[in-house]
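Per-entry structural report
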Amino acid sequence: MTDVDYRPAAPPANGPSTANLADILERVLDKGIVIAGDIKIDLLDIELLTIRLRLFVASVDTARKAGIDWWETDPALSSKAARSELREENARLRERLEALESADDGEASSSRTKDKAGS
């Protein structure tokens, strides 16, 4: 064996072991990560605009454990929530229609009573 053929082993890495992207993503989704920030625009010490940004990246299960489930009740994101909202709106409209019809019937019967009394 010559010096050219001899290659010593690489020294052990002293830093943290590298993880592939899938491992990192799995860890983030399992534990969750919160990113928060504020954007503020002032002009001569007058606050013109403030935007507060909050980003929570997690799996659905982790979000539910944290008490976050707004996507289940948002009609734009959930067909179940959209149907529920339509049912509620339909019920409110039916109640209003019944109230209007009963008020209209009450006015009609009172005007008939007045007509009979007047003749």
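Residues numbered from 1 in each chain as written. Predicted model: local features only at pLDDT ≥ 70, side-chain atom pairs only at ≥ 80, totals over all residues. Heavy atoms only, no water.

1. Some thoughts on the side chain of Thr62
Rule in force here: Helix and strand assignments come from DSSP, with helices taken as H or I runs of at least 4 residues and strands as E runs of at least 2, each series counted from the N terminus. Definition of a polar contact: a pair of N or O atoms within 3.5 Å, with one able to donate and the other able to accept a hydrogen when the atoms are protein atoms, and with sequence-neighbouring residues admitted only if both atoms are side-chain atoms.
Structurally, Thr62 is set in helix α2 (residues 60-65). A distance of 3.0 Å separates a polar atom in the side chain of Thr62 from the backbone oxygen of Asp30.

2. Thoughts on the confidence of the model for the chain
Let me state the cut-off plainly: For every residue, the predictor assigns a confidence score, pLDDT, that lies between 0 and 100.
Per-residue confidence for the chain averages 77 on the pLDDT scale, and 74% of its residues sit at or above 70. Model confidence for the chain, summarised as mean pLDDT per element, is weakest for helix α3 (residues 79-118) at 79 and strongest for strand β2 (residues 46-57) at 86.

3. Side note on the environment of Pro75
Our working rule: Burial classification: accessible surface area is computed with a 1.4 Å probe over protein chains only, and a residue below 20% of its type maximum counts as buried, one above 50% as exposed, and the rest as partly exposed. Note on contacts: a residue pair qualifies if any of its non-hydrogen atoms lie within 4.5 Å across the two residues.
Looking at where Pro75 falls in the secondary structure, it is placed in the loop between α2 and α3. You can call Pro75 partly exposed: its relative accessible area is 31%. Pro75 sits 11 residues away from Leu86 along the chain, and the two C-alpha atoms are 9.3 Å apart. Sequence-distant contacts of Pro75, that is, excluding residues within four places in its chain, are made with Ala81, Ala82 and Glu85.

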